[in-house]
Amino acid sequence: MKLSVLTLLSLSCFHFSYSFSPRYNSIFSFGNSLADTGNFLITGAQQFPGIGRLPYGMTFFGRPTGRCSDGRLVIDFIAEAVGLPLLPPSLASDQDFRQGANFAVAGCTALDSAFWEQRGLAGIFGTNDSLGVQLQWFEQLKPSLCSTVRECKDYFGKSLFVLGEIGGNDYHLPLLANRTLEEVRTYVPYVIETISNTAEILINEGAVDLVLPGAPPSGCFGVLLTLLPSPNKQDYEPQTGCLKKLNALAMYHNELLRRAIGKLLSKYPGVRIIYADYYGPVIQFVQTPERFGFGNGALIACCGGGGPYNFNPQAWCAQPGATVCEEPSKSIYWDGIHLTEAAYRYIAPGWLSAWSHAKVH
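Residues numbered from 1 in each chain as written. Predicted model: local features only at pLDDT ≥ 70, side-chain atom pairs only at ≥ 80, totals over all residues. Heavy atoms only, no water.

As recorded in an unreviewed UniProt entry, the protein goes by GDSL esterase/lipase At5g45910-like isoform X2 and comes from Phoenix dactylifera. Regarding the protein, the relevant UniProt record gives this comment under Sequence similarities (unreviewed entry): "Belongs to the 'GDSL' lipolytic enzyme family." (UniProt positions renumbered as here; feature names shortened; annotations may be inferred.)

Shown next, in the form of structure tokens:
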């Protein structure tokens, strides 16, 4: 299988309709704020309490759910496409997780606290719920789902595992803590190794269908454009206005992730893994926003406290001084970091199209 083919967004799927036969009994999701459906909020969201208030959740749910958007995320659209309920956060009480659970936590890193302690960065993160911690939560949940090795293999063999997106916080928060881009680039192989090792653990638990999302173009994030600006116009992509070096970092992450997927596919015949593309679709949105109905500006957040990108660190979305646009569906970015439901709605069909064409090795 040529993994590069699977990274292409099916732009013919502009309207969220596609044929995708439900064939999974459950979905298990890991990752950060691009996938979190409520765990960070349940833990208190002390670093970012605004996600517990409107306008978060305004578009679809009509209330905040802990999702870092105005509505549904890609993982929600995937669940809908395969005929399963929206995934409950794994830390929620009184939930039935037989049809899946979401272990993702906003603000989390792929790498664990020991890595950051060694580099003097342990205090910069809003949560210690790394990918390794999320995997522990999965192991703790497992006895309620299956009992014997064979039963677990059968159960997880009929489940879909979505591992990410994760890694962005491993890069962006150190950059915001004044670490150099050259240093942060050295973290990427460690992040990819952690993701690959986690996928391998899940495969050994019985997973045969895995989705590994890549990184979005972080050089287009309003938060980073605002807090890490460059005085040199040549540091910005002329077609998008995004920061070249940050987008190059995301592309480096994605290239190493594709290679890791290739190695896993060679090692585990019978397993199906796809690289799910965030980067390609978002760049296309930013390059030609009107083509997708995003009339509010390519890099301007719908919800924020002002500034060139409507991102203000003194007035985040849902904080005093912030405002929200009238039609979030006309914006790509929700709060300067995360996307709107409308953007996620466009991305999901590309992942599902890639999945439907993927072959078991």
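Once you've had a look at it, read on.
**Some words on the pattern of salt bridges**
Counted by the stated rule, this structure contains 13 salt bridges. A salt bridge links glutamate 341 to arginine 72, with the shortest nitrogen-to-oxygen separation between them at 3.1 Å. Remark: arginine 72 occurs in the loop between helix 2 (39-42) and helix 3 (74-81) and glutamate 341 occurs in helix 13 (residues 341-357); sequence separation between them is 269 residues. The pair glutamate 341 / arginine 72 is uniform in exposure class, with both members buried. Among the ionic contacts, a cluster of salt bridges with common partners joins Arg72, Glu80, Glu341 and Arg345. (Salt bridge = Lys/Arg side-chain N within 4 Å of Asp/Glu carboxyl O. Helix = DSSP H or I, 4+ residues; strand = E, 2+ residues; numbered from the N terminus. Buried < 20%, exposed > 50% of the residue type's maximum accessible area, 1.4 Å probe, protein only.)

**Thoughts on the packing of helix 6 (residues 149-157) against helix 9 (residues 188-205)**
Here helix 6 crosses helix 9 at 120°, and the two axes come no closer than 8 Å. Taken together, helix 6 and helix 9 sit at an angle that is classed as oblique. Where helix 6 approaches helix 9, its residues Cys152, Lys153 and Phe156 are matched on the opposing element by Ile203, Asn204 and Glu205. Residue composition of the contact of helix 6 with helix 9, by class: three nonpolar, one polar and two charged. (Axes fitted to C-alpha atoms, helices over the stretch in contact; angles between N-to-C directions. Parallel < 35°, antiparallel > 145°, perpendicular 65-115°, else oblique. Contact = heavy atoms within 4.5 Å. Nonpolar A, V, L, I, M, F, W, Y, C, P; charged D, E, K, R; others polar.)

**Here we look at the confidence of the model for the protein**
For residues with low pLDDT, the predicted coordinates do not support detailed interpretation. With 93% of its residues at a pLDDT of 70 or more, the protein has an overall mean of 92. Long-range and interchain partners of residues 1-19, a stretch whose pLDDT sits below 50, account for 39 contacts in this model, where long-range means more than four residues apart. (pLDDT = per-residue confidence, 0-100.)

**Re the packing of aromatic side chains**
Tallying each qualifying case throughout the model produces 30 aromatic pairs. In this structure, arginine 72 is placed above the aromatic ring of phenylalanine 60, and the distance from its NZ or CZ to the ring centre is 3.8 Å. Its guanidinium or amino end placed over the ring of tyrosine 252, arginine 185 lies 3.7 Å from that ring's centre, counting from NZ or CZ. (Phe/Tyr/Trp six-rings, centres within 6.5 Å; stacked < 30°, edge-to-face > 60°. Lys NZ or Arg CZ within 6 Å of the ring centre and 35° of its normal.)

**Observations concerning the state of the cysteines**
Within this structure, the stated rule accounts for four disulfides. Cysteine 146 shares a disulfide with cysteine 152; S-S distance 2.0 Å. An S-S torsion of about 100° defines the bridge between cysteine 146 and cysteine 152 as right-handed. Two residues, cysteine 303 and cysteine 317, share a disulfide whose sulfurs are 2.0 Å apart. In this structure, the disulfide formed by cysteine 303 and cysteine 317 twists by about 90° around the S-S bond and is classed as right-handed. Placement of the pair is cysteine 303 in strand 6 (residues 303-304) and cysteine 317 in the loop between strand 6 and strand 7 (323-324), with a sequence separation of 14 residues. For cysteine 317, a relative accessible area of 1% gives the class buried. What connects to what in the protein, once the bonded cysteines are numbered by sequence position, is 1-2, 3-4, 5-8, 6-7. A disulfide-free cysteine, cysteine 68 has its sulfur positioned 9.8 Å from the sulfur of cysteine 317, the nearest such atom. Its sulfur unpaired, cysteine 108 is 11 Å from the next cysteine sulfur, which belongs to cysteine 68. Classification of cysteine 108 by relative accessible area gives buried; the value is 0%. (Disulfide = S-S within 2.5 Å.)

**Concerning the sheet that holds strand 3 (residues 159-163)**
Sheet architecture is open: five strands sit in the order 2-1-3-4-5, paired in parallel fashion. The open sheet terminates on both sides in strands that have one partner only, identified here as strand 2 (100-102) and strand 5 (272-276). Going across the sheet, the axis of each strand differs from the next one's by a mean of 15°, ignoring polarity. In the packing of helix 3 onto the sheet, contacts are made with strand 1 (26-30), strand 2 and strand 3, and the angle to strand 1 comes to roughly 170°. Sitting on the sheet, helix 13 touches strand 3, strand 4 (209-213) and strand 5, and the angle it makes with strand 5 is about 150°. (Pairing = 2+ DSSP bridges.)

**Section: the nonpolar core**
Judged by nonpolar contacts, the single largest core of 119 residues is most densely connected at Ile27, Phe28 and Leu210. A total of 10 residues in this core trace back to one element, the largest contributor, which is helix 13. (Core = buried A, V, L, I, M, F, W, Y, C linked by side-chain atoms within 4.5 Å.)

**Quick notes on the environment of glutamate 237**
Relative to the elements of secondary structure, glutamate 237 occurs in the loop between helix 10 (222-227) and helix 11 (244-267). Residue glutamate 237 is classed as buried on the basis of its relative accessible area of 19%. C-alpha of glutamate 237 to C-alpha of asparagine 247: the two residues are 10 residues apart in sequence and 9.4 Å apart in space. Residues within four places of glutamate 237 in sequence aside, it is in contact with Cys242, Lys244, Asn247, Tyr279 and Ile283. Here the side chain of glutamate 237 touches threonine 240 through a polar contact of 2.6 Å, side chain to side chain. Polar side-chain contacts of glutamate 237 include one of 2.9 Å to the side chain of asparagine 247. (Polar contact = N/O pair within 3.5 Å; in protein donor to acceptor, adjacent residues only side chain to side chain.)

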